[in-house]
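The chain contents come next:
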Amino acid sequence: MLNLVKMPKPQTCSVCCIAMLTHTTFDEALKLCFKSSPSNFCMTFNEMENTLNKAGFKTTHLNTFPRTITHNLLIECRNKKENYWHYIVYDATQQTFLDPIPYPPPINDYAFYQIVAIDNEE
């Protein structure tokens with residue numbers, strides 16, 4: 001089961017998703033993601049996947065959202081109404097989406113673009 005990590009400041013959704021998927025705090029995930037304190041917290045999807053791999057997790061790219069979900073997912077999405085890019089997590093154990101935005105919009109407001117399945121064990 002994953003714990004929800006909310007964004008402490010703008011543009012930190014990538015670090016929050018890494019924290020959730022690696023079962024760490026925001027500060028611990030920040031150290032995994034960046035060698036030094038960044039001025040910009042944005043990460044690409046590939047950088048996030050590489051960070052998960054560096055933390056010992058195996059990842060698999062999915063072409064579509066799976067009908068049966070057995071692994072936690074990292075999802076790159078775009079808000080259809082406000083047109084911003086964002087990252088969220090799907091927790092396979094709780095069978096729910098975890099959105100790091102405080103007071104997030106409904107999941108239906110997002111269009112999914114890239115999805116990576118993460119092995120649930122390190």
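Look up a bit, the structure's there.
Residues numbered from 1 in each chain as written. Predicted model: local features only at pLDDT ≥ 70, side-chain atom pairs only at ≥ 80, totals over all residues. Heavy atoms only, no water.

K.L.:
Teacher, can you tell me more about helix α2 (residues 26-33) here?
P.N.:
Within an α-helix, residues lying three or four positions from one another point in the same direction, as the helix has 3.6 residues per turn. All buried positions along α2 are accounted for by F26, A29, L30 and C33. The buried side chains of α2 occupy one side of the element, clustering within an arc of 105° when seen end-on. Of the exposed residues in α2, those oriented more than 90 degrees away from the buried face are D27 and K31. On the buried face of α2, the contacting elements are α1 (13-22) and α3 (45-54). (Buried < 20%, exposed > 50% of the residue type's maximum accessible area, 1.4 Å probe, protein only. Helix = DSSP H or I, 4+ residues; strand = E, 2+ residues; numbered from the N terminus. Arc of directions from axis to C-beta. Contact = heavy atoms within 4.5 Å.)

K.L.:
What is the right way to read the layout of surface pockets from this model?
P.N.:
Where empty space is left becomes clear once a probe the size of a water molecule has been rolled over the atoms. In this structure, the largest pocket encloses a volume near 200 Å³. As for the largest pocket, its lining consists of 13 residues, of which Q11, C13, C42, W85 and H86 are closest to the centre. Contributing elements (two or more residues each) for the lining of the largest pocket: α1 and β3 (85-91). Here the lining of the largest pocket gets three residues from one element, more than from any other, and that element is β3. (1 Å grid on protein atoms, 1.4 Å probe; cavity = no way out; pocket = protein on both sides within 12 Å on 5 of 7 lines; lining within 4 Å. Points joined across faces, edges and corners; volume = space filled by probe spheres on them.)

K.L.:
What is the right way to read the pairing of strand β2 (residues 72-79) from this model?
P.N.:
Regular strands place side chains that alternate from one sheet face to the opposite one. With eight of eight residues buried, β2 lies mostly within the body of the structure. On β2, burial covers both faces: N72, L74, E76 and R78 on one face and L73, I75, C77 and N79 on the other are all buried. Relative to strand β5 (residues 110-118), β2 is paired through eight bridges, and the arrangement is antiparallel. Its bridge partner lying in β5, E76 is registered against Q114. One ladder, built from six bridges, connects β2 with β3; its direction is antiparallel. Residue pairing in the sheet places I75 in a bridge with I88 of β3. Taking the residues between adjacent antiparallel strands as the criterion, β2 and β3 are bridged by five residues, where N83 takes a positive phi near 60°. (Pairing = 2+ DSSP bridges.)

K.L.:
For this particular structure, what's the right way to read the sheet that holds strand β1 (residues 59-62)?
P.N.:
Whenever strands of a sheet pair, they do so through backbone hydrogen bonds, lying parallel or antiparallel. As summarised here, the arrangement of the five strands in space is β1-β5-β2-β3-β4, forming an open sheet in which the pairing is antiparallel. Only two strands of the sheet have a single partner each, and these edge strands are β1 and β4 (96-98). Shown here is a sheet whose adjacent strand axes are inclined to one another by a mean of 30°, direction ignored. Helix-sheet contacts for α1 involve β2, β3, β4 and β5, and the interaxial angle to β3 is about 15°. (Axes fitted to C-alpha atoms, helices over the stretch in contact; angles between N-to-C directions.)

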